[in-house]
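Chain by chain, the residues:
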Amino acid sequence: MAKSTLTTVILPSPHYSSRCGRRIDRITIHHAAGIASARTLGLLFQNPARGGSANYGIGNDGEIGCYVDEKYRAWTSGSDENDRRAVTIEVSNCKAGGDWPVSDRAYDALIRLCADICRRNGIGALRFTGDKTGNLTMHRYFQPTACPGEYLARRFGAIAEAVNAKLRGEEPMTAEEKRAFETLEKQAGATVDTVEQAPAWAKKTLKKLTTRGILQGDGTSLRLSEQMVRMLVILDRAGMFGG
């Protein structure tokens, strides 16, 4: 079996075929056009009348299901050529209609899953080009459809960036942390004033730097921008500030 260890739901679909010798070198993201769990998506792909499938599905709660083993081609994008080379992912929406948004949990699970797929299949980085020449593609490139919905479509560049950060060993903010950061940014003139206000992934670094006196701020607050916090964490993980 070739599947992600992030998978917690396994519901094999009968709708698959050979990759015809093609190696996996891309990821194609779809949306479910509805609110569903990973189990519900799997049951849909088992339906003989549906005639479609995906390698993976992500529920609205972020749970990940596997329906077609990665060694096989799922029937997802309406393109033999793309699906023989792609691992396809169906993502639940959190609201029907409009720009078809997805939940933070589903989005964060998508980033983790994409990074895992890349690592195991030797994909060094995701390249979003805005068309089917890149290795991060969307359903609408191959069929006349709105899939994956505007919410995901306009975030493909950010998805590639977040996945590539993980592949470099960095730990980008989750969607939930990003949302909290944006709220904090609106509420205060500075992004981070204290270690306690920092997202979980940055607390250890900021505590170390403040304890050692490397970070002092203006005497009352640190007044660090998101970009500065991210840079300090990267430098710390690279060993620039010692153990």
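Source: prediction; values computed, not measured. Each chain has its residues counted from 1, running along the sequence as written. Selection of residues for local features in this predicted model requires a pLDDT of at least 70, selection of side-chain atom pairs for listing and counting requires 80 or more, and totals for whole chains, interfaces and linings are taken over all residues. Only hydrogens and water are set aside; all other atoms, that is, all heavy atoms of the structure, feed into the side-chain values.

**Notes on the pairing of strand 3 (residues 26-31)**
Taken across its six residues, strand 3 has six buried, putting it largely inside the fold. Partly exposed describes any residue whose relative accessible area lies between the buried limit of under 20% and the exposed limit of over 50%, with all areas from a 1.4 Å probe on protein chains only and scaled to the type maximum. Every helix listed is a DSSP run of H or I at least four residues long, and every strand listed is a run of E at least two residues long, numbered separately from the N terminus. Going residue by residue along strand 3, you find Arg26, Thr28 and His30 tucked away on one face and Ile27, Ile29 and His31 tucked away on the opposite face as well. Pairs of strands are assigned from DSSP output, requiring at least two bridges between the strands. When strand 3 meets strand 7 (residues 86-91), the two strands line up parallel, connected through six bridges. Opposite Thr28, over in strand 7, you have Thr88 as the bridge partner.

**Remarks on the pairing of strand 7**
For strand 7, the tally of buried residues reaches six of six residues, placing the bulk of the element in the interior. Neither face of strand 7 is exposed, since Ala86, Thr88 and Glu90 on one face and Val87, Ile89 and Val91 on the opposite face are all buried.

**Description of the sheet that holds strand 8 (residues 136-138)**
Across the sheet, six strands lie side by side as 1-5-4-7-3-8; this open sheet has mixed pairing. Of all the strands in the sheet, the pair left with one neighbour each is strand 1 (9-10) and strand 8. Any pair of residues with heavy atoms lying within 4.5 Å of one another is described as a contacting pair. Comment: axis = line fitted to C-alpha atoms, over the contacting stretch for helices; angle = value between 0 and 180 degrees taken between N-to-C directions. Where helix 1 (residues 38-46) meets the sheet, it contacts strand 1, strand 4 (56-58), strand 5 (64-66) and strand 7, and its direction lies at approximately 140° from that of strand 4.

**What to know about the packing of aromatic side chains**
Each pair of aromatic rings taken from Phe, Tyr and Trp, with Trp reduced to its six-membered ring, is defined by centres within 6.5 Å and is described as stacked if the planes are under 30 degrees apart, edge-to-face if over 60, and tilted in the remaining cases. Tallying each qualifying case throughout the model produces four aromatic pairs. When the ring of Tyr16 is compared with that of Tyr72, the centres are 4.7 Å apart and the planes differ by 40°; the resulting orientation is tilted. Linking Tyr16 in strand 2 (residues 16-18) with Tyr72 in strand 6 (residues 72-74), this pair joins segments that are 56 residues apart in sequence. Its relative accessible area of 29% is what places Tyr72 among the partly exposed residues. Directly above the ring of Tyr151 sits Arg155, whose terminal nitrogen or CZ lies 3.6 Å from the centroid. By definition, being over a ring means that NZ of Lys or CZ of Arg is both within 6 Å of the ring centre and within 35 degrees of the ring normal.

**Quick notes on the packing of helix 3 (residues 104-121) against helix 5 (residues 156-167)**
Between helix 3 and helix 5, the shortest axis-to-axis distance is 9 Å and the interhelical angle comes to 55°. One element, helix 3, and the other, helix 5, form an angle in the oblique class. Like other packed secondary-structure pairs, helix 3 and helix 5 cross with a definite hand, here right-handed. Listed contacts from helix 5 to Tyr107, Leu110, Ile111, Arg112, Cys114, Ala115, Cys118 and Arg119 of helix 3 are Ala158, Ile159, Ala162, Val163, Lys166 and Leu167. Residues of the contact of helix 3 with helix 5, tallied by class, amount to 11 nonpolar, no polar and three charged. In what follows, roughly perpendicular refers to angles from 65 to 115 degrees, roughly parallel to angles under 35, roughly antiparallel to angles over 145, and oblique to any angle outside these ranges. Handedness of each helix crossing follows the sense of rotation of the near helix against the far helix: counterclockwise by less than a right angle gives left-handed, clockwise gives right-handed. Note on residue categories: nonpolar means Ala, Val, Leu, Ile, Met, Phe, Trp, Tyr, Cys or Pro, charged means Asp, Glu, Lys or Arg, and polar means any other residue, Gly included.

**Quick word on the nonpolar core**
Ile29, Ile89 and Ile159 are the most contacted members of the largest nonpolar core, which has 36 residues in total. Looking at this core, the elements that each hand over two or more residues are strand 3, strand 4, strand 5, strand 7, helix 3, strand 8, helix 4 (149-153) and helix 5. In terms of residue count, the dominant contributor to this core is helix 3 (10 residues). With near-sequence residues (within four places) excluded, Ile89 lies in contact with Ile27, Thr28, Ile29, His30, Tyr56, Ile58, Leu110, Leu113, Cys114 and Ile117. The nonpolar core is taken to be a set of buried Ala, Val, Leu, Ile, Met, Phe, Trp, Tyr and Cys residues, with the residues joined through side-chain atoms within 4.5 Å. The next biggest cluster of nonpolar side chains, apart from the first, holds 16 residues, and it includes Leu222, Leu224, Val229 and Val233.

**As for the pattern of salt bridges**
Just to be clear on terms, a salt bridge is a Lys or Arg side-chain nitrogen sitting within 4 Å of an Asp or Glu carboxyl oxygen. Counting across every chain of the model gives 11 salt bridges. Glu170 is the salt-bridge partner of Arg168, the closest N and O atoms lying 3.2 Å from each other. As a salt-bridge pair, Lys208 and Asp236 come within 2.6 Å of each other at their nearest N and O atoms. Pair noted here: Lys208 is in helix 7 (residues 200-211) and Asp236 is in helix 8 (residues 226-237), with a separation of 28 residues, a long-range link.

**Some remarks on the packing of helix 7 against helix 8**
Two numbers describe how helix 7 lies on helix 8: the axes approach to 9 Å, and their chain directions differ by 80°. The angle between helix 7 and helix 8 falls in the class roughly perpendicular. Together, Trp201, Ala202, Thr205, Leu206, Lys208 and Leu209 of helix 7 and Val229, Arg230, Leu232, Val233, Asp236 and Arg237 of helix 8 make up the contact between the two elements. Of the residues belonging to the contact of helix 7 with helix 8, the class tally is seven nonpolar, one polar and four charged.

**Quick notes on the environment of Arg105**
Locating Arg105 in the fold gives a position in helix 3. Remark: the alpha-carbon pair of Arg105 and Ile58, spanning 47 residues in sequence, is separated by 9.4 Å.

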